[in-house]
2 protein chains.
Amino acid sequence: MEPNSSDHREAVEIAMETEVHRVAPPPHRSTLEKLRTRLKETFFPDDPLRQFKGQSWKVKLILGAQYIFPILEWGPKYSLTLLKSDIVSGLTIASLAIPQGISYAKLANLPPIVGLYSSFVPPLIYAVLGSSRDLAVGPVSIASLIMGSMLRQVVSPAKDPILFLQLAFSSTFFAGLFQASLGFLRLGFIIDFLSKATLIGFMAGAAIIVSLQQLKSLLGITHFTKKMGIVPVLTSVFHNTHEWSWETILMGFCFLVFLLLARHISMKKPKLFWVSAGAPLLSVILSTLLVFAFKAQNHGISVIGKLQEGLNPPSWNMLHFHGSYLGLVMKTGLITGIISLTEGIAVGRTFAALKNYQVDGNKEMIAIGLMNIVGSSTSCYVTTGAFSRSAVNHNAGCKTAVSNIIMAVTVMVTLLFLMPLFQYTPNVVLGAIIVTVPAACQIWKIDKFDFLVMLCAFLGVLFISVQEGLAIAVGISVFKVLLQITRPKTVILGNIPGTDIYRNLHHYKEAVSVPGFLILSIEAPINFANTTYLKERITRWIEEYETEDANAKKKSEVKFVILDLSAVSAIDTNGVSFFKDLKMALEKKNLELVLVNPVGEVIEKLQRADDAKELARPDCLFLTVGEAVTSLVSTVKSHSSSYV
Amino acid sequence: MEPNSSDHREAVEIAMETEVHRVAPPPHRSTLEKLRTRLKETFFPDDPLRQFKGQSWKVKLILGAQYIFPILEWGPKYSLTLLKSDIVSGLTIASLAIPQGISYAKLANLPPIVGLYSSFVPPLIYAVLGSSRDLAVGPVSIASLIMGSMLRQVVSPAKDPILFLQLAFSSTFFAGLFQASLGFLRLGFIIDFLSKATLIGFMAGAAIIVSLQQLKSLLGITHFTKKMGIVPVLTSVFHNTHEWSWETILMGFCFLVFLLLARHISMKKPKLFWVSAGAPLLSVILSTLLVFAFKAQNHGISVIGKLQEGLNPPSWNMLHFHGSYLGLVMKTGLITGIISLTEGIAVGRTFAALKNYQVDGNKEMIAIGLMNIVGSSTSCYVTTGAFSRSAVNHNAGCKTAVSNIIMAVTVMVTLLFLMPLFQYTPNVVLGAIIVTVPAACQIWKIDKFDFLVMLCAFLGVLFISVQEGLAIAVGISVFKVLLQITRPKTVILGNIPGTDIYRNLHHYKEAVSVPGFLILSIEAPINFANTTYLKERITRWIEEYETEDANAKKKSEVKFVILDLSAVSAIDTNGVSFFKDLKMALEKKNLELVLVNPVGEVIEKLQRADDAKELARPDCLFLTVGEAVTSLVSTVKSHSSSYV
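Residues numbered from 1 in each chain as written. Chains lettered and ligands numbered in written order. Predicted model: local features only at pLDDT ≥ 70, side-chain atom pairs only at ≥ 80, totals over all residues.

- The name an unreviewed UniProt entry assigns to chain A is Probable sulfate transporter 3.3, from the organism Sesamum indicum.
- A UniProt comment under Subcellular location (unreviewed entry) is attached to chain A, and it reads "Membrane". (UniProt positions renumbered as here; feature names shortened; annotations may be inferred.)

Section: the overall build of chain A
Then, number 1: Within chain A one finds 26 helices and eight strands.
Then, number 2: By the compact-globule yardstick of 26 Å for 644 residues, chain A is too spread out, its C-alpha radius of gyration being 32 Å.
Then, number 3: By its C-alpha atoms, chain A is 115 × 65 × 55 Å across when sized along the principal axes.
Then, number 4: In chain A, which comprises 644 residues, the share counted as buried stands at 48%.
Then, number 5: For chain A, contacts bridging at least 24 residues in sequence account for 80% of all contacts bridging at least 6. (Helix = DSSP H or I, 4+ residues; strand = E, 2+ residues; numbered from the N terminus. Rg over C-alpha atoms; globule rule 2.2 N^0.38 Å. Buried ≥ 20, exposed ≤ 12 C-beta atoms within 10 Å, placed from the backbone. Contact = placed C-beta atoms within 7 Å.)

As for helix α13 (residues 246–268) of chain A
Residues and elements named next belong to chain A.
Then, number 1: When the terminal C-alpha atoms of α13 are compared, their 33 Å separation across 23 residues agrees well with the 33 Å that a helix rising 1.5 Å per residue should span.
Then, number 2: Within the span of α13, buried status applies to T248, M251, G252, F255, L256, L259, A262 and S266.
Then, number 3: Considering only its buried residues, α13 is in contact with α11 (215–219), α14 (273–294) and α19 (427–434). (Expected span 1.5 Å × (residues − 1).)

Some remarks on the domain arrangement of chain A
Then, number 1: According to the domain assignment, chain A consists of domain 1 (103–479) and domain 2 (487–643).
Then, number 2: Here domain 1 of chain A and domain 2 of chain A have C-alpha centroids that lie 56 Å from each other. (Domains from an automatic or database assignment.)

Let's talk about the sheet that holds strand β4 (residues 502–504) of chain B
All names here are of chain B.
Then, number 1: What the five strands build is an open sheet, ordered β4-β3-β5-β6-β7; its pairing is mixed. Since the sheet does not close on itself, it has two edges, and those belong to β4 and β7 (592–596), each with one partner. Sheet twist, expressed as the mean angle between neighbouring strand axes with direction ignored, is 35°.
Then, number 2: Bridge count between strand β6 (residues 560–564) and β7: five bridges; the pairing is parallel. Pairing of V561 across the sheet is with L593, part of β7. (Pairing = 2+ DSSP bridges. Axes fitted to C-alpha atoms, helices over the stretch in contact; angles between N-to-C directions.)

Some points on the pairing of β6 of chain B
Residues and elements named next belong to chain B.
Then, number 1: Counted residue by residue, β6 has five buried out of five residues, so it is predominantly covered.
Then, number 2: Side chains F560, I562 and D564 of β6 all project onto a buried face; the interleaved residues V561 and L563 project onto the opposite face, where all are buried too.
Then, number 3: In this sheet, β6 lies alongside strand β5 (residues 517–522) in parallel orientation, the contact comprising five bridges. Among the inter-strand pairings, L520 is bridged to a residue of β6, identified as L563.
Then, number 4: Note that the unit made of β6, helix α24 (residues 573–588) and β7 has a crossover that is right-handed. (Right-handed = clockwise from strand over helix to strand, strands pointing away.)

Brief notes about helix α5 (residues 80–107) of chain A
Residues and elements named next belong to chain A.
Then, number 1: The end-to-end C-alpha distance of α5 is 39 Å, a good match for the 40 Å that 28 residues give at a rise of 1.5 Å each.
Then, number 2: Along α5, the largest kink reaches about 30° and is centred on A97; proline P99 follows within four residues of it.
Then, number 3: Once α5 ends, the next one or two residues include N109, with phi positive near 60°. (Bend = angle between axes of the 7 residues up to and from the residue.)

A few points about the packing of helix α15 (residues 326–355) of chain B against helix α16 (residues 361–376) of chain B
Residues and elements named next belong to chain B.
Then, number 1: Two numbers describe how α15 lies on α16: the axes approach to 10 Å, and their chain directions differ by 130°. Relative to α16, the element α15 lies oblique. Where α15 crosses over α16, the handedness of that crossing is right-handed. Along the contact surface, α15 presents L341, G344, I345 and G348, while α16 presents G361, E364, M365 and I368. (Parallel < 35°, antiparallel > 145°, perpendicular 65-115°, else oblique. Left-handed = near helix turned anticlockwise from the far one by under 90°.)

A short note on the environment of E604 of chain B
Residue and element names in this part refer to chain B.
Then, number 1: Mapped onto the elements, E604 comes out in helix α25 (residues 600–608).
Then, number 2: Taking the C-beta count within 10 Å as the criterion, E604 has 18 such neighbours and is therefore assigned partly exposed.
Then, number 3: Between the C-alpha atoms of E604 and L135, which are 469 residues apart in sequence, the distance is 47 Å.

Considering the confidence of the model for chain A
Residue and element names in this part refer to chain A.
Then, number 1: In this model, chain A carries a mean pLDDT of 82, and residues with pLDDT of at least 70 account for 92%.
Then, number 2: Here helix α1 (residues 5–17) is the element of chain A with the lowest mean pLDDT, 44, and helix α9 (residues 161–184) is the one with the highest, 94.
Then, number 3: Scored below 50 in pLDDT, residues 1–18 shows 31 contacts in the model against residues more than four places distant or in partner chains.
Then, number 4: At the level of chain-chain contacts, confidence expressed as ipTM amounts to 0.73, with global pTM at 0.72. (pLDDT = per-residue confidence, 0-100.)

Observations regarding unusual backbone geometry
All names here are of chain A.
Then, number 1: Notably, S379 is not glycine yet its phi reads approximately 60°, a positive angle.
Then, number 2: Residue placement: S379 occurs in the loop between α16 (361–376) and β2 (384–385).
Then, number 3: Classification of S379 by C-beta neighbours within 10 Å gives buried; the count is 26.

Looking at the sheet that holds strand β3 (residues 490–495) of chain A
All names here are of chain A.
Then, number 1: One open sheet accounts for six strands, arranged β4-β3-β5-β6-β7-β8; its pairing is mixed. In the strand order of this sheet, the two ends are held by β4 (502–504) and β8 (621–622), each with one partner.
Then, number 2: Examined bridge by bridge, β3 and β4 share three bridges and lie antiparallel to one another. Residue pairing in the sheet places G494 in a bridge with R503 of β4.

Quick word on the environment of S144 of chain A
Then, number 1: Mapped onto the fold, S144 of chain A is located in helix α8 (residues 141–152).
Then, number 2: Put simply, S144 of chain A and T383 of chain A are 239 residues apart on the chain and 8.8 Å apart in space, counted from C-alpha to C-alpha.

Focus on the packing of α5 of chain A against α14 of chain A
Residues and elements named next belong to chain A.
Then, number 1: Relative to each other, α5 and α14 sit at 45°, their axes nearing to 8 Å. Looking at the two axes, α5 sits oblique to α14. Crossing hand, α5 versus α14: left-handed. In this structure, α5 uses T92, S95, L96, I98, P99 and Q100 to contact α14, whose residues at the interface are W274, A277, G278, P280, L281 and V284.
Then, number 2: Across the contact of α5 with α14, the residue classes break down as eight nonpolar, four polar and no charged. (Nonpolar A, V, L, I, M, F, W, Y, C, P; charged D, E, K, R; others polar.)

Quick look at the structure:
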């Protein structure tokens, strides 16, 4: 059955001798069937029920349980060798998670212990439900920042800490509910609208905002602005120079240099991942010892203070489902939910691609969502898969989600027995841990427009606000896509001499135009947004073609306009009128319109419209441009010879 | 030079013997040059400066003047024969414009005489600036309705008529400013987002809303709701049955039947256009005589009352450019501006297509915009090209915009001398004139989704509000387009035996798959919104293909995945990563990724990215699927033979 080149040549020869190939109308399908296919492609592109087909009831049950709880899939095969790797990586990420948890909770204006609570329950839930092997779960900086700033605009965390905590847990609940619903309703593609360029710009901007917020603890300022923009923060910093504390600045500077150096080393040599992974915990221990030894808390260095021992207290009685704050917590939940979901899914996919396994986006959403719903009633705030910790987890050689369990157990031990040790940990070190330097990028080189999107996200986050910067960048990305639809490419095709291949005249130098034919290819669905443009553009193509011909004194007029519709994947009602109008306009100029290779949907819709029916008669359609030209040339010849 | 079929066959034969054709990188162009081309395609698709090329300064000046004032183009050629036709049509539309003008002004809660003012100045301006020969300019129902209802929500036209009038003129000014700016900035494509389906649904809904509003005058109710939804209007009607006046109902019913009958006759026989054109004026005259003869104004029939004689007074001192109402008038101007612009442009294009001349959308916007700006300072409110009147104009045989001038002169005579005659015209007849029956449509048959859009616009207008109904319909249309981008079609191709043509396996029954090859065609730009989906979908294609093969016990594994990129008109940064990731994923499965016929932009972007460069090496790309298959088959053969 394998064709080779000589078979092929023969085949082509035969084809040229026989009749040209007609465009077949697509096989008939009912409206319901079409709807079913489209819904499936939209909501179930991964066909999750595929594996269930043709299995016995028992197998189906097991497969179903494994689908909902991935731990049942890999759990039975779990071995001691795997456990060894997971213990190493679990302890490594725990050493990172404890100081980060405390720091991020402070970033969200929450009590530091909430950060530890959030590193205990959610990882356990994720280990059971999640399908990524590398994701290290816990609080993340950007979601913490956004939640803190959104809630702080309405309620003061200093004046009304209980209410603030209640709102934080309620927001977490709604974030989880929203994330899980996206997964259940299979609407995961919504997060696809956050493009890479948007995310890079957003992350870079947010990193700077987060770092600037740390100037409060790094400089030891007590009266700090509540706003997040770069302008109010810097104003606040330089208006309160009298509050700067040199002891804090010195300590902060030393640990900041140490941490950035450690991160730099790990970035250069991924094998030394433990340097950056261990540095935060080491900083916390060292600084705590320093404060304890020199009683620095009496010399202007602020410390965390007493933390309560014990595991997560229940918090479901703290959730607000009504009252005046409902709108606020739903909005906060929505935004932090979508941001943290995007980070979690992106991180999961990145490492899954590296290890060549699949992560089901919609399933991950349900896992992350449930994890936050459970978290909200066990004193946790928004958590997701964090990029920095997952990278450490991956480099430390984690094999399964058991590394999350190990981390959770370590945090549990800390919560139960080690809390008094944090009493003297200075806030300045927590600030230093959060500071990051945004990554550079090569987007400019590839796509100028994407770079613009990135810049908008970056500057929007810095100068307007975190949410609006993101909204602007998403808006611009969507607008670009709409603009592509509104101004689809029309390409003039020419024959590549010695073949029946037709390609873009302005790209392929060797392509030549066929006298008497204007061959255009339309490269987008034809719909309401572009029919007007296409009509104008095609009219201009014809005029230009005729002028060029007149200049060349060839005196060959255009007789046929061939539209190659291979790339027109869909049309709507306006598109059908477009063909009708175009045919009418061309007929007035004595030109014939010929359609080549329309897809099934286009043929069907044309045939269903009363006025455009004749355009889609099978004997008026051609399968390739080459066949159309050959056939039309011979028609013209036979006509002219019969008249002579 | 004309190829014939035997030449062609020979050519193909030669092609098969020589080397396969390589994909050429596109000719080099600088970033600036590319930006220039893209901006030109986006904002100047009609290339308006085309005609100026290579002309002398004097000719350029004349052409420029003609471009700005189309009257200079057709004016010099104007003849007596044309004038005769224009006088007939001008008088016909005047007989329609006078009663409609009064009615529409009442619909907008404005004094009736403003409707006549608005039928005098704007047509004169349009005659000089407009490029349509059939457009009959004046107030229209939907824009009147929207303006009236938006302003009435803030200011009561009964309690504060002067302020209401000032706001109406100010809104008209902003509508004009907005329309003209859209034209100047060449952003005309914004109105393209109002699809045919949206407009039909919207118009039908608005027609019902307008008609329902007329129940006030048709039933003689004095305490009527200020809202526009179908529910409050009907509630208001049946809660005020005691206010119903039988004289008014009788009179209204008779004239309504007469007018609908007249319209029905003209619709059936377009030659009898004058029946529906004359009916409104005849109704006004008859009813006025009836009222006058029976002194019916004393028996519960409300009449227009005294109207001031004289031409439009200046109103520029009534425009509000600051103060608390600025936001309201800008918003009202924006919405009425875009609605009336859409109607005007659509009407202009419809009749231009019938008579086969061009209407420049951006130029029309400037004309309509300037007409409203001038109108706002001469006591006119929002005007545009009305569909009903333009159809009458066209049927009455108008030749140029002179028919608008004739209409304006007739209105002028009316304003100067005939105003006392309207004193006894009953409001009920004005109500009857406005009532229309929405048109049916065949959209359901062609596109189910478009029908949904139409229904949303229709029901939204009826049950929510005119503006929101429109917004919902536009939102759904845009969402549909985005969904198409998010879930692009991927089609599996097979060889049509005896040719080197590859087409959709599921559409063409005769197409067969080539063993060892999975040939996919992607039919949309690849960007952030669809890379995740495409990755998942392609993975599933491969799995399905392998399972099918396994079932057929052919034991032929896939070796090559060929992506036909002919229809991928653009990619962005995410698209570049997509190819990189896909290549990596396929390599892990021992599959080779081969790209066929990428367009210039795609080649360039792939080459510019460091990681994806090798995918776009000219010797890895093929021009057609056929050549790729032939060439790869022979490579495999030579490899296997060298190993054996």
